[in-house]
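Residue-level listing of the chains:
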2 protein chains.
Amino acid sequence: MQLYIYFLGTGGSWPSVQRNVSAVAVKRGGEVILFDCGEGTQRQIQRSQLSYMQIKSIFITHYHGDHFLGLPGFIQTLQLNDREEPLHIYGPKGTKRIVETIIRLGYFRPSYEIHAHELHPGDSIRFEGYCVRCIDACHNVPSLAYSLEEDVRPGKFNKKRALELGVPEGRLFSQLQHGKEVEVNGTVVTPDMVLGPPRPGRKITISGDTKPCPQLVEFARGSDVLIHDATFESSLEEKAREYGHSTARQAAEIAQKAEVGTLFLTHISPRYRDASVLEKEAQEIFPSSHAASDFMEFEVKLKK
Amino acid sequence: MQLYIYFLGTGGSWPSVQRNVSAVAVKRGGEVILFDCGEGTQRQIQRSQLSYMQIKSIFITHYHGDHFLGLPGFIQTLQLNDREEPLHIYGPKGTKRIVETIIRLGYFRPSYEIHAHELHPGDSIRFEGYCVRCIDACHNVPSLAYSLEEDVRPGKFNKKRALELGVPEGRLFSQLQHGKEVEVNGTVVTPDMVLGPPRPGRKITISGDTKPCPQLVEFARGSDVLIHDATFESSLEEKAREYGHSTARQAAEIAQKAEVGTLFLTHISPRYRDASVLEKEAQEIFPSSHAASDFMEFEVKLKK
């Protein structure tokens, strides 16, 4: 199943001509999950390959305006486009009250179901084939980091070994691949005899706004992709600390410690028209670093 | 003094790739007034010639999402950019409650003054050199139409006549031009002896969302520019009526009856990627009709 990341808003604090405020979509098969929904996200979606009708769930990291003020317009536009399917909005404490407020702004009453869910660090939300987990990030207001983690896949099927054991190709192969034992000429063949070790699914971690956060290293460990706050360059480390943000270098240090595959720098301050200074700084620590930009797409490939 | 109209969002109901939702700015000298502030307006301003720090007053026509959901982000961005000057937000009934709600969305507390003003039909707000007036439009929720009307200018100065009356060029000319009488060789010369009839200032009328609205004809009479709801084409007149909107033809009929200078069609439905069908329909009734588009600028010139 294909797994894509779409960067919809990669700027921090307020929008600029170059970057909209925070939003990143993850598309797995035909299902889209949105992480954060800054003002203007519905229009960014229109400008992307995505359809906002595919979005079933939105995870908000925290309630600074640049991360959620696109929700009311998004919710209302879904309704004007005859949404019938429920929408689920997840976030840290305060989510129920805020969602209740924003879905009733002005002359609007939702005609489809909108469910607000308040998450606690350690919570895990199950979806078909993957889950979304959260922990506390290290920001100056309650803020969650999220990971999307696919279920473990069965180990690789050893066809040669199966044939040696007398299992004929066909239905019995399939049963073994799905973890069921089979009987061949009175002998039981168990899956562990023909399957390699279980293979981990893909993993994406999204820091949200955060200072360098010790618990994020373990949380992000082994991610294929880490999307991390990199608001400033190193020379502004003090300013980053003051506002609860990270520098590009600090983001790269987290990526290195967590042994992730690829790092994307995001929440880039409007002061940077060109983020190459941030990218370069991160690459010195962690070579597979990229400054995310609006409408950038990235396919997270299955490990062989 | 120069008077410009900047169309920032000319689409109706929800944004499209072509058009953002409602917002139009009027710049007079160095002062900018915003009429409506749909989601994403702050970014549209960034993409225009305007600076959002010049905006002192925002007039909201009504509280459908596409006309005001850009307010919270706009307000917060002003603060992040060290706004100190007060901001005034005017609108129909409900304005105080809604402004109170949106300026406290999420972790935000305003540090500059934000004043909400509820207007009633017939109200007139005075500014230096012009006023903004309002009446009820004909929409399906309380909705105001606005006009911006410059003060009457003194009549044209008849230099030849003044010299004939023995007034020497210089200080006394200036006094007469400013409406003061002067004495020359023991004879009193009054302004009416050397000034033509008072000349009207420029006038811009903004319908907001509305069905064809009888009282709007008188309200808009003689406007240099009328910016009018033209959500649909004539073949969708029934749909327009159902949702409290106008067709392009109906907008043109209002423009014709009100004897305005120029008509701009706005609040164009996202179904029209190309609004030329609307423009053509309006021009058949009122030749000086234009479909507004995002980032279009129009200078309202002084009548000679």
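Rules and cut-offs
Residues numbered from 1 in each chain as written. Chains lettered and ligands numbered in written order. Predicted model: local features only at pLDDT ≥ 70, side-chain atom pairs only at ≥ 80, totals over all residues. Heavy atoms only, no water. Pairing = 2+ DSSP bridges. Helix = DSSP H or I, 4+ residues; strand = E, 2+ residues; numbered from the N terminus. Axes fitted to C-alpha atoms, helices over the stretch in contact; angles between N-to-C directions. Contact = heavy atoms within 4.5 Å. Salt bridge = Lys/Arg side-chain N within 4 Å of Asp/Glu carboxyl O. Buried < 20%, exposed > 50% of the residue type's maximum accessible area, 1.4 Å probe, protein only. Domains from an automatic or database assignment. Disulfide = S-S within 2.5 Å. Polar contact = N/O pair within 3.5 Å; in protein donor to acceptor, adjacent residues only side chain to side chain. Core = buried A, V, L, I, M, F, W, Y, C linked by side-chain atoms within 4.5 Å. Least-squares fit on C-alpha atoms with pLDDT ≥ 70 in both. Buried area = accessible area lost by both parts, 1.4 Å probe. pLDDT = per-residue confidence, 0-100. Right-handed = clockwise from strand over helix to strand, strands pointing away.

Draft legend 1. A look at the sheet that holds strand β16 (residues 297–299) of chain A. Residue and element names in this part refer to chain A. Read from one edge of the open sheet, 7 strands run β6-β5-β4-β3-β2-β1-β16, paired in mixed fashion. Looking at which strands have only one partner, the edges of the open sheet turn out to be β6 (114–118) and β16. Each neighbouring strand pair of the sheet contributes to a mean axis angle of 20 degrees, computed without reference to strand direction. Where helix α3 (residues 71–80) meets the sheet, its contacts fall on β4 (55–59), β5 (87–91) and β6, and the angle it forms with β5 comes to roughly 165 degrees. In the packing of helix α4 (residues 95–102) onto the sheet, contacts are made with β5 and β6, and the angle to β6 comes to roughly 155 degrees.

Draft legend 2. Region of the structure containing the pattern of salt bridges. Residues and elements named next belong to chain A. Under the counting rule described, the total for this entry stands at 26 salt bridges over all chains. A salt bridge links Arg241 to Glu237, with the nearest nitrogen and oxygen atoms 3.9 Å apart. Of the two residues, Arg241 and Glu237 are both situated in helix α9 (residues 237–242); the distance of 4 residues between them amounts to about one turn of the helix. Look at Arg241 and you get partly exposed, because its relative accessible area is 48%.

Draft legend 3. How the structure looks around the domain arrangement of chain A. Per the domain assignment, the segments of chain A are domain 1 (3–153 + 199–299) and domain 2 (159–193). Relative placement of domain 1 of chain A and domain 2 of chain A: their C-alpha centres are 44 Å apart.

Draft legend 4. Spotlight on the state of the cysteines. Residues and elements named next belong to chain A. This model, assessed by the stated rule, comprises 2 disulfides over all chains. Between the sulfur of Cys138 and that of Cys213 lies a disulfide, 2.3 Å long from S to S. Between Cys138 and Cys213 the sulfur-sulfur dihedral comes to about 60 degrees; the bridge is accordingly right-handed. Here Cys213 lies in the loop between β12 (203–206) and α8 (214–220) and Cys138 lies in the loop between β8 (130–136) and β9 (144–150), a separation of 75 residues in the sequence.

Draft legend 5. A look at the side chain of B:Ser207. Residue and element names in this part refer to chain B. Topologically, Ser207 is positioned in the loop between β12 (203–206) and α8 (214–220). On the accessibility criterion, Ser207 (1% relative accessible area) is buried. A polar atom in the side chain of Ser207 sits 3.0 Å from the backbone nitrogen of Asp229. Beyond its immediate stretch of four places on either side in the chain, Ser207 contacts Ala137, Leu144, Ala145, Leu216, Ile227, His228 and Asp229.

Draft legend 6. View of the nonpolar core. Formed by 63 residues in total, the largest nonpolar core has its most connected members in A:Ile58, B:Ile58, B:Leu71 and B:Ile75. Each residue touching B:Leu71, except ones within four places of it in the same chain, is listed here: B:Cys37, B:Ile58, B:Ile60, B:Ile89 and B:Ile102.

Draft legend 7. Summary view of the relation of the copies chain B and chain A. You can overlay chain B on chain A at an RMSD of 0.1 Å; the transform is a turn of 180 degrees with a shift of 0.0 Å along its axis. The relationship between the two copies is best expressed as a two-fold rotation axis. Closest approach to the rotation axis within chain B is made by the C-alpha atom of B:Gly40, at a distance of 2.6 Å. Mapped onto chain A, 100% of the interface residues of chain B again fall at the interface, so both copies present the same surface.

Draft legend 8. Seen up close, unusual backbone geometry. One non-glycine residue, A:Phe295, lies in positive phi territory at about 80 degrees. Relative to the assigned elements, A:Phe295 resides in the loop between β15 (289–291) and β16. The phi angle at B:Asp36 is positive, at roughly 65 degrees, despite the residue not being glycine. Overall, the relative accessible area of 5% leaves B:Asp36 in the buried class.

Draft legend 9. Highlighting the environment of B:His115. Residue and element names in this part refer to chain B. Its location among the elements puts His115 in strand β6 (residues 114–118). Looking at His115, the relative accessible area reads 30%, which means it is partly exposed. Looking at His115, its side chain comes within polar contact range of the side chain of Glu113, at 2.7 Å.

Draft legend 10. The arrangement of the interface of chain B and chain A in detail. Taken together, the contact between chain B and chain A spans 40 residues of the former and 40 residues of the latter. Together, B:Glu39, B:Arg43 and B:Tyr107 form the three largest contributors to the area buried by chain B at its contact with chain A, with a combined 25%. Inspection of the chain B/chain A interface yields 0 salt bridges. Applying the counting criterion to the chain B and chain A interface returns 14 residue pairs in polar contact (both at pLDDT 80 or more). When residues of the side of chain B that touches chain A are traced back to their parent elements, those giving at least two are α1 (41–46), α2 (65–68), α3 (71–80) and α4 (95–102) of chain B.

Draft legend 11. Examining the sheet that holds strand β1 (residues 3–9) of chain B more closely. Residues and elements named next belong to chain B. Reading across the sheet, the 7 strands line up as β6-β5-β4-β3-β2-β1-β16 and stay open at both edges, with mixed pairing between neighbours. The open sheet has two free edges, formed respectively by β6 and β16 (297–299), since each of these has just one partner strand. Ignoring which end each strand starts from, the neighbouring axes of this sheet average 20 degrees apart. Relative to β6, strand β5 (residues 87–91) is paired through 5 bridges, and the arrangement is parallel. Looking at the pairing, His88 lines up with His115 of β6.

Draft legend 12. Quick look at the confidence of the model for chain A. Mean pLDDT over chain A stands at 95; residues scoring 70 or higher make up 100%. For this predicted complex, the interface score ipTM comes out at 0.91, while the overall pTM is 0.92.

Draft legend 13. Summary view of the pairing of β12(B). All names here are of chain B. Of the two faces of β12, the one lined by Lys203 and Thr205 and the one lined by Ile204 and Ile206 are each fully buried. Where β12 meets strand β13 (residues 225–229), 3 bridges bridge the pair, whose relative direction is parallel. Across the sheet, residue Thr205 finds its bridge partner in β13, namely Leu226. Handedness of the crossover is the feature at issue here: the chain leaves β12, passes through α8, returns alongside β13, and the resulting connection is right-handed.

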